[in-house]
Amino acid sequence: QATQMLADAPSTAPILATLVPKQSIDKLLSQHKHEAHGFSAIYIDQPVARQLALFKIGLPGRKKLGVILGTETQDRFKLLQAGAHEQKIQLVAETINAEDELIPALQRVLAESDALLALPDPLAFNKNNAYSILLTSYRYQAPVIGYSQAYVKAGALMAVYSNPAQIGQQAGEMLLRFLASKAGGLPAPQYPKYFSVSVNNQVARSLGIRMEDETVLTEKLKRVLEQEP
């Protein structure tokens, strides 16, 4: 809401938004047609390649990854499909357009998947249906890869996420470059640069999965991503 209010304000001051979903930023940019130097953001979302890489590193040997796409994430299907192909992951995807479609779609996906990737979507994954998703996934013995530390605490097996301090560090670096720039333009909107991996060891034990330490997984993920072109 704060970002929306600033975007609507008559001021011409540059805006840097943080911890806002990419989908929301894209909508704001399309509505207001800000000049490139006048508006930027650090998304709260993690890039698809990073999430897919965590699946491969955290659950080696598993190849089928399920995903439910809601109204806000359906346009990410091609990006997910391309990323999965690049990393030799078999994507099992379904789209839903109403809340009552979630559990049937979830059951179909889980029946064919080794794990479920949760994406922040107000229809497919929200605080009201999180318990149902986690319980259904547990019944299918399919671990959930979440998108936040809170989701891991709630029962997801693991997640790659960026905390406010990491986002703040990146924001500070962007602002320093902005202040030092003779052109005076903000960098383009971008995904979080710094990240960590969180693991729910209790869930891992319940599912009979041996997981490496969070720090080890984080460092492995960084090395794998650094090797990508």
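Preceding this paragraph is the structure being described.
Residues numbered from 1 in each chain as written. Predicted model: local features only at pLDDT ≥ 70, side-chain atom pairs only at ≥ 80, totals over all residues. Heavy atoms only, no water.

Draft legend 1. Examining the environment of A93 more closely. By the element assignment, A93 lies in strand β4 (residues 90–95). According to the relative accessible area criterion, A93 is partly exposed, its value standing at 30%. Between the C-alpha atoms of A93 and L217, which are 124 residues apart in sequence, the distance is 26 Å. Contacts of A93, omitting those with residues within four sequence positions, involve V67, F77 and V109. (Helix = DSSP H or I, 4+ residues; strand = E, 2+ residues; numbered from the N terminus. Buried < 20%, exposed > 50% of the residue type's maximum accessible area, 1.4 Å probe, protein only. Contact = heavy atoms within 4.5 Å.)

Draft legend 2. Region of the structure containing the side chain of N126. One can find N126 in the loop between β5 (115–117) and α6 (130–139). In this structure N126 comes out as buried when scored by relative accessible area, which is 17%. Polar contacts involving the side chain of N126 include one to the main-chain amide nitrogen of N128, which spans 2.9 Å. (Polar contact = N/O pair within 3.5 Å; in protein donor to acceptor, adjacent residues only side chain to side chain.)

Draft legend 3. Highlighting the pairing of strand β2 (residues 39–43). Burial analysis of β2 places five of its five residues in the buried class, the great majority of the element. Burial of the side chains of β2 extends over both faces: F39, A41 and Y43 are buried on one face and S40 and I42 on the other. Bridging between strand β1 (residues 15–20) and β2 involves five bridges; their strand directions are parallel. Within β2, the position partnered with V20 by the bridge is Y43. (Pairing = 2+ DSSP bridges.)

Draft legend 4. Spotlight on the packing of aromatic side chains. Taken as a whole, this structure holds two aromatic pairs when the rule is applied. Arranged with centres 5.0 Å apart and planes meeting at 70°, the rings of Y43 and Y191 form a pair that is edge-to-face. A residue pair is termed long-range when its members are at least 10 positions apart, and Y43 in strand β2 and Y191 in the loop between α8 (164–180) and β8 (196–199) qualify at 148 residues. Y43 sits in the buried class, given a relative accessible area of 6%. Centre to centre, the rings of Y147 and Y151 are 5.2 Å apart; their planes meet at 65°, and the pair counts as edge-to-face. For Y147, a relative accessible area of 24% puts it in the partly exposed group. (Phe/Tyr/Trp six-rings, centres within 6.5 Å; stacked < 30°, edge-to-face > 60°.)

Draft legend 5. Here's a closer look at the layout of surface pockets. Within this model, the largest pocket holds a volume of roughly 560 Å³. If you go around the largest pocket, you meet 26 residues; those closest to its centre are P21, K22, I44, D45 and P120. Mapped onto the lining of the largest pocket, the elements with two or more residues apiece are α2 (22–32) and β7 (158–161). Ranked by the residues each element gives to the lining of the largest pocket, the list is headed by α2, at four residues. (1 Å grid on protein atoms, 1.4 Å probe; cavity = no way out; pocket = protein on both sides within 12 Å on 5 of 7 lines; lining within 4 Å. Points joined across faces, edges and corners; volume = space filled by probe spheres on them.)

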